Amino acid sequence: MKNEPRGQFVNPANRQGDSPTPEQQSSRRGLFRAAVAVFLLSGGAAAAQGNSPIQLRGVIDQEKDKDKEKISPTQLRRYIDQQVGGIEKLKVPARDEDLPKAQLPDGSDASGDPRFKTTEAKRYLGKQIFHDPVRTVRIDPAFGGVLATKQTGSCGTCHQGESASKAGTLLNFSVGGEGRSYTDAKGTFIPRRRPQMDILPKLRDTPLFPGDALVDELPTLTDVYAIAGAAGPFRGRKLPDPGALLRTGRLDALDSVARNAPGVLGAAFNNRVLLGGLAGEPDSSPGGLNPFNFPAQESVALLLLDAHRMLSDDHSKTGLGTESAVLQKFATYRKLFRDAFPEEAAQADATGNLDVLINDLTILRATATFMRTAVTRDTPFDRFLAGDNRALTSKQLRGAKLFFTKADKGGAGCFTCHSGPMLNKQVNDPDVAGVGKFVEENFFNLGLGDHPIQALNRQARKDPNFLDDGRRDVTGNDDDIYKFRVVTMRQLKDARFFFHNGSFTSVRDVVQYFNAGVPQNAQSGAASTLSTRFTNPRGTGSPRGLGLRDDQVDEITDFLENGLYDPAFVRFVPGSPTRPLQLTEPDFMYSVYRPDLAALGAIDGRTAGGLPPDNNDPLSRRDMGLEFLDVTAQVGIALIESHHLGDRQEDVYQITNNSSSIVDTHLLMVVKGLPDRIEMENASGITSTGEPYRRVFLANGVLLPGQSIVKALLFEREHHAPPVKYTLSLLSGQGNP
């Protein structure tokens, strides 16, 4: 029996060396029979030509679609070319250096400024610090911060590659949260993040919103001031002095956001970032917070350093330290900053002051560079645009035609708001292939309600009728109320929660929402800013919505989910032009790819700061397979049956969570002391100490207090082997213990 790989380098479920469960074996047999059936039905021709299983599925799709409209890929390319004014406008540049250049808030070109130049050294450094929890040191007990949460979260906490560069959960928590994800028996990635109940103070007795753990004071980026009229979240840098700061979501115990976490994907193609467009906004705007007149990407990096417990502050009285001081301690980071910022390195050497090299500004510049390079380049749609006539299935071709056909012509008209390489620009934007010249045209009121965590804002404002202002929060313009930014259509299959309030959980439901054209919220739906592109896309006097048939909704959904999906954004795919958002083998297998960093102490599988990527709480470390929790004393283990048939033995156990705490992630039944010449047949792997274990995939990733499960262990004895005797221990965690 082979050992499983250790740690987080492979999918925690179904790793190499895992013996398939009976259910998996049955599933594989079913897949094999289905593949044989497809081969026979197609006369063996597809297989004989070397077609892949994906192409075989395409054969099935074509059979199902034989009565549908036939669309030639070549004709569709010509059609799309006409609709968007040149198909080249939809193509993602092949090289990072050809991605849109930085643009200042007033729209002027900033590409000549060396501060905003994209280099590989800056990108690599930016990716490391994006995922490194070592930086979250701005924990201030004076504002409710809990010191035990120090260095537990990162940008990557709420921006996961597996979740389309979003959080993947409705309630997104960085510092003060715990957990990252778990997998089920099919290997499905399931994001999971929740408050650390054991260390956060309880603040309420009555829940304010579904999922309220009673420990969250204010959403991040929300400040409450002593004077009236100054409750907006961006007044901290404004004049006149807004008054004494009472509480702040930037520094309280739980780092939460009262909107669905926005994606990083395609950041280079926006000159206003965040769902209200705060980042990249001129500082002169009523709600602007851009004191350095930065482009959107540098601006958002600065805002997020401030919002998420990383921006350096004067801690001379508290001794809490700063992120730059922390990074300066590591030889790995000192080298990476030297590589990324040679001019600053020379100045630091000349002055003997490392602060010149490693500081908030160089940190945010590296972060912005990484975000600019977060793109997908190898979706089926990208290959279709490049001339591959087999890249899209016939169903996806029909979906693409509907996408690029105006609503009054029988289509969905999606492209009128979703054009450009990231499908996030107005089709008539003269700079549709870049950061975009239009700004306000990219914000719409779609009649949506609030994110659940806005309940905390309503309480703080003492206004039960408050609804997230959206764009107006930034511009101060009443014509912008309830408007939110158009987002990319790429990677939607992994996004899981949609719109700023996260109220939709499937791509099809989103398409159906547009198809109906009926607002979900009475307040935003009654506002004068409600978009007629949403309510009456076929024109004034026409029925509401798009009027598409169910099969057309399915076709658009297939195009969005699968035609615009790139697996290489999620995991390392050798040879792909797309690079994963996450740290993967080329990034943190230093002994292989970066021996210079290994020589300076970099640990394979960890960040350059030595911590686990993204999160550094105990549950996340178990989720990543970096450590395991012995829960043997927490559960009851009862042998309820033992069956003997010749040299085979089946022991059936009932496992009950007898404690008041949740048992998380996977449950590993570890068999200790098994005599020689006895093999555990249904073992999933062998521990590092040579003991077989069975992996149990818990329903919803947990075994709740009082909950029981029944699982069997199968053993086979060689002839004349001793009786089957062993002790059983239980571990919580993914990977190989």
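Right, let's walk through the structure included here. (Residues numbered from 1 in each chain as written. Predicted model: local features only at pLDDT ≥ 70, side-chain atom pairs only at ≥ 80, totals over all residues. Heavy atoms only, no water.)

1. Some thoughts on the sheet that holds strand β12 (residues 663-672)
Spatially, β9-β17-β12-β15-β14 is the arrangement adopted by the five strands of the open sheet, whose pairing is antiparallel. Pairing within the sheet leaves two strands with one partner each, and these edge strands are β9 (629-630) and β14 (685-686). Of the strand pairs in this sheet, β9 and strand β17 (residues 727-732) are connected by two bridges, and their pairing is antiparallel. Bridge assignment links Leu-629 to a residue of β17, and that residue is Ser-732. (Pairing = 2+ DSSP bridges. Helix = DSSP H or I, 4+ residues; strand = E, 2+ residues; numbered from the N terminus.)

2. A look at the pairing of strand β16 (residues 708-717)
Strand direction decides the pairing type here: strand β11 (residues 648-657) and β16, joined by nine bridges, are antiparallel. Within β16, the residue paired with Gln-654 across the bridge is Val-710. Taken together, the three bridges between strand β13 (residues 678-680) and β16 define a ladder with antiparallel strand orientation. Note that in β16 the partner of Met-680 across the bridge is Phe-715.

3. Digging into the packing of helix α12 (residues 394-403) against helix α18 (residues 550-563)
As a packed pair, α12 and α18 sit with axes 7 Å apart at the nearest point and diverge in direction by 100 degrees. Classified by the interaxial angle, the pair formed by α12 and α18 is roughly perpendicular. Residue-level inspection shows Lys-395, Gln-396, Arg-398, Gly-399, Ala-400, Leu-402 and Phe-403 of α12 in contact with α18, the latter providing Gln-552, Asp-554, Glu-555, Ile-556, Asp-558, Phe-559, Leu-560, Asn-562 and Gly-563. Here the contact of α12 with α18 is built from residues that sort into six nonpolar, five polar and five charged. (Axes fitted to C-alpha atoms, helices over the stretch in contact; angles between N-to-C directions. Parallel < 35°, antiparallel > 145°, perpendicular 65-115°, else oblique. Contact = heavy atoms within 4.5 Å. Nonpolar A, V, L, I, M, F, W, Y, C, P; charged D, E, K, R; others polar.)

4. What about the sheet that holds β11?
The sheet built from four strands is open, its strands ordered β10-β11-β16-β13 with antiparallel pairing. Only two strands of the sheet have a single neighbouring strand rather than two, namely β10 (635-645) and β13. Direction aside, the axes of adjacent strands within the sheet are offset by 25 degrees on average. Across ten bridges, the pairing between β10 and β11 is antiparallel. Note on β11: the bridge partner recorded for Ile-637 is Ile-655.

5. Let's talk about a nonpolar patch on the surface
The grouping of Phe-572, Val-592 and Tyr-593 at the surface amounts to a nonpolar patch, some 290 Å² of accessible area in total. With respect to the secondary-structure elements, Phe-572 resides in the loop between α18 and α19 (585-588). (Patch = residues over 30% accessible without salt bridge, like charges linked within 9 Å, V, L, I, M, F, W, Y side chains within 5 Å. Areas by Shrake-Rupley, 256 points an atom, 1.4 Å probe, with all protein chains shown as cover. Salt bridge = Lys/Arg side-chain N within 4 Å of Asp/Glu carboxyl O.)

6. Topic: the pattern of salt bridges
Within the structure shown, the criterion is met by 46 salt bridges. The residue Arg-579 makes a salt bridge to Asp-96 at a minimum N-O spacing of 2.1 Å. Of this pair, Arg-579 sits in the loop between α18 and α19 while Asp-96 sits in the loop between α4 (73-84) and α5 (120-130), and the two are 483 residues apart along the sequence. A salt bridge links Glu-281 to Arg-272; the nearest nitrogen and oxygen atoms lie 3.0 Å apart. On the accessibility criterion, Glu-281 (5% relative accessible area) is buried. Salt bridges sharing partners connect three or more residues here, namely Asp-96, Glu-120, Arg-123, Arg-377 and Arg-579. (Buried < 20%, exposed > 50% of the residue type's maximum accessible area, 1.4 Å probe, protein only.)

7. Points about the environment of Met-589
Among the structural elements, Met-589 can be located in the loop between α19 and α20 (590-593). Between the C-alpha atoms of Met-589 and Ile-603, which are 14 residues apart in sequence, the distance is 7.9 Å.

8. Re unusual backbone geometry
For residues that are not glycine, phi is negative in most cases, and the peptide bond is trans in most cases. The backbone of Ala-164 sits at a positive phi, close to 60 degrees, despite the residue not being glycine. Mapping Ala-164 onto the fold places it in the loop between α5 and β1 (177-178). Here Ala-164 falls in the buried class, since its relative accessible area comes to 6%. In the Ramachandran plot, Thr-665 falls in the positive-phi region, its phi being about 60 degrees despite a non-glycine side chain. Within the fold, Thr-665 resides in strand β12.

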